[in-house]
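Residues per chain, in single letters:
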Amino acid sequence: MLEIKKRDLIDVDAPNASTGIVNGKSSNILNWDDVRFPWAYPKYKRMLGNFWTPFEINMSKDIKQFPNLTEQEKDTFLKVIGLLALLDSIQTDYAGKVADYLTDSSLNALMIILAQQEVVHNHSYSYVLSSIVPKAKQDEVFDYWRTEPTLRRRNDFITNGYKSFVENPTVENLLHSIIYDVILEGLFFYSGFAFFYNLARNQKMVATSTMINYINRDEQLHVGLFEKIFKEILRENPQYDTAELQELGTNTFKKAAELEIEWAEQIIGNQIDGLLMPELEEYIKFMANKRSEQLGFTAPFEGYRTNPLRWIVAYQEVDLGKTDFFEQKSRQYTKTSDANGFDEL
Ligand code: ZN
Ligand code: ZN
């Protein structure tokens, strides 16, 4: 297996635009008008356009509402936050590690912005919890990843996928880890998102859902960025585009969906008003198919071609101006234009 080289801090003999996405040569100087990939600068603009911080969200209504949720809703709310906190924490670090091996200063820059956004996501979970529960409960929620067996199984699946790359950085392991990345950012977040949007649909915890919507919007760009990186690595190194990779890709998305369904059955179950488990299971399979195909693999589940949670589109695409449901924040400095809409997802 081919080792993957870390990008040099500075290389006086190399061009500013790199000679390859991995194992290439690059001076490491960043000039946005002289970069290897034409999609990098538009992505940079979109990522900056998404800028937000939790401080902008007024939690006062949620603070009043939280004690009035059903016990089941409260429990699920906290468990979903606990899950997201683990995923966003490791994601910050993973992004930084991937950045070291991309031989292009512009891709390094994009990964640093991505990592910064994951830090903000993590901040938002502390921000929500410190508003609605006492500190001891907040600490407990941030430890769910250790103490909840289903959550642990599901998260170990991702972290093991990342570990192989971190401990043994080869081109192959980088490609494999990106499959897990797309599962983390593009599948494992999504039933959690659905839970919050469902609460918002019932006029509950709308401030939290607004924050979740911002996170969702960032994650869509992140999945799009990793998709680009994955495809460029294969395009420049076609020897890695093998039948084994294809098979591994489809199987990994299948396994991920199964773990997600198991977790959703246990945490969301049939008890949450308006969010029915059979629909959620279909939604998870639909998302797994979509993400698998996005990376160029066969869809793991036959059928499941349409989104069964049709109402969710209005909540996910709030940024496209299709709804004014989320009115918590004025978006004056998020200059929404077609360059700042949703990614090509
Ligand atoms: Zn995130
Ligand atoms: Zn992300």
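Residues numbered from 1 in each chain as written. Chains lettered and ligands numbered in written order. Predicted model: local features only at pLDDT ≥ 70, side-chain atom pairs only at ≥ 80, totals over all residues. Heavy atoms only, no water.

## Quick word on the coordination of the zinc ion (ligand 1)
As a benchmark, a tetrahedral metal site with four donors has ideal angles of 109.5 degrees, while an octahedral site with six donors has ideal angles of 90 or 180 degrees. In the first shell of the zinc ion (ligand 1), the protein supplies Asp88 (OD), Glu118 (OE), His121 (ND1) and Glu219 (OE), at 1.9 to 2.1 Å from the metal. Around the zinc ion (ligand 1), the four donor atoms sit at angles spanning 84 to 136 degrees, and that spread fits a shape best called irregular. Counting along the primary sequence, the residues that act as donors to the zinc ion (ligand 1) give the motif D-x29-E-x2-H-x97-E. (Donors = N, O, S within 2.8 Å, 3.2 Å for Na, K, Ca; no water. Tetrahedral: all angles 85-135°; square planar, octahedral: opposite > 155°, others 65-115°.)

## Remarks on the pattern of salt bridges
Taken as a whole and assessed by the stated rule, the structure comprises 17 salt bridges. Between glutamate 258 and lysine 254 there is a salt bridge, and its shortest N-O distance comes to 3.3 Å. Note that glutamate 258 and lysine 254 are positioned in helix 11 (residues 243-267) at a spacing of four residues, about one turn of the helix. The class for glutamate 258 is partly exposed, based on a relative accessible area of 38%. Given the relative accessible area of 34%, lysine 254 is considered partly exposed. The residue glutamate 293 makes a salt bridge to arginine 305 at a minimum N-O spacing of 3.0 Å. Remark: arginine 305 occurs in the loop between helix 12 (277-294) and helix 13 (312-316) and glutamate 293 occurs in helix 12; sequence separation between them is 12 residues. (Salt bridge = Lys/Arg side-chain N within 4 Å of Asp/Glu carboxyl O. Helix = DSSP H or I, 4+ residues; strand = E, 2+ residues; numbered from the N terminus. Buried < 20%, exposed > 50% of the residue type's maximum accessible area, 1.4 Å probe, protein only.)

## A look at a nonpolar patch on the surface
Together, Leu9, Ile10, Val12 and Ile29 give the surface a local cluster of nonpolar side chains, amounting to about 470 Å² of exposed area. Structurally, isoleucine 10 can be placed in the segment before helix 1 (40-49). (Patch = residues over 30% accessible without salt bridge, like charges linked within 9 Å, V, L, I, M, F, W, Y side chains within 5 Å. Areas by Shrake-Rupley, 256 points an atom, 1.4 Å probe, with all protein chains shown as cover.)

## Focus: the packing of aromatic side chains
Counted under the stated rule, the structure contains 23 aromatic pairs. When the ring of phenylalanine 157 is compared with that of tyrosine 180, the centres are 5.2 Å apart and the planes differ by 65 degrees; the resulting orientation is edge-to-face. A residue pair is termed long-range when its members are at least 10 positions apart, and phenylalanine 157 in helix 7 (residues 149-167) and tyrosine 180 in helix 8 (residues 171-188) qualify at 23 residues. Judged by its relative accessible area of 17%, tyrosine 180 falls in the buried class. (Phe/Tyr/Trp six-rings, centres within 6.5 Å; stacked < 30°, edge-to-face > 60°.)

## Description of the coordination of the zinc ion (ligand 2)
Protein coordination of the zinc ion (ligand 2) is provided by Glu118 (OE), Glu185 (OE), Glu219 (OE) and His222 (ND1), with donor distances spanning 1.9 to 2.1 Å. One way to put it: the four donor atoms around the zinc ion (ligand 2) meet at angles of 96 to 151 degrees, and that makes the site irregular. A separation of 3.6 Å is found between the zinc ion (ligand 2) and the zinc ion (ligand 1), which share glutamate 118 as a coordinating residue. Note that glutamate 118 is positioned in helix 4 (residues 105-132) and glutamate 185 in helix 8, a separation of 67 residues in sequence.

## Quick look at the nonpolar core
Residues Phe77 and Leu280 are the most contacted members of the largest nonpolar core, which totals 111 residues. Examining the composition of this core, we find that 14 residues originate from one element, helix 3 (residues 71-101), more than from any other. Excluding its chain neighbours within four sequence positions, the residues that come into contact with leucine 280 are Ser191, Ala194, Ala264, Ile268, Leu275 and Leu309. (Core = buried A, V, L, I, M, F, W, Y, C linked by side-chain atoms within 4.5 Å. Contact = heavy atoms within 4.5 Å.)

## Some remarks on unusual backbone geometry
A positive phi angle is found at methionine 205, which is not glycine, with a value near 50 degrees. Tracing the chain through its elements places methionine 205 in the loop between helix 9 (190-201) and helix 10 (206-236). According to the relative accessible area criterion, methionine 205 is buried, its value standing at 0%. Positive phi, close to 55 degrees, is recorded for tyrosine 304, a residue that is not glycine. Locating tyrosine 304 in the fold gives a position in the loop between helix 12 and helix 13. Since its relative accessible area comes to 31%, tyrosine 304 is described here as partly exposed.

## Thoughts on the packing of helix 11 against helix 12
Remark: helix 11 packs on helix 12, axes separated minimally by 9 Å, with the N-to-C direction vectors making an angle of 160 degrees. In this view, helix 11 runs roughly antiparallel relative to helix 12, as classed from their interaxial angle. When the axes of helix 11 and helix 12 are compared, the crossing they make is right-handed. Listed contacts from helix 12 to Thr250, Phe253, Ala257, Glu260, Ile261, Ala264 and Glu265 of helix 11 are Met277, Leu280, Glu281, Ile284, Lys285, Ala288, Arg291 and Ser292. Residue composition of the contact of helix 11 with helix 12, grouped by class: eight nonpolar, two polar and five charged. (Axes fitted to C-alpha atoms, helices over the stretch in contact; angles between N-to-C directions. Parallel < 35°, antiparallel > 145°, perpendicular 65-115°, else oblique. Left-handed = near helix turned anticlockwise from the far one by under 90°. Nonpolar A, V, L, I, M, F, W, Y, C, P; charged D, E, K, R; others polar.)

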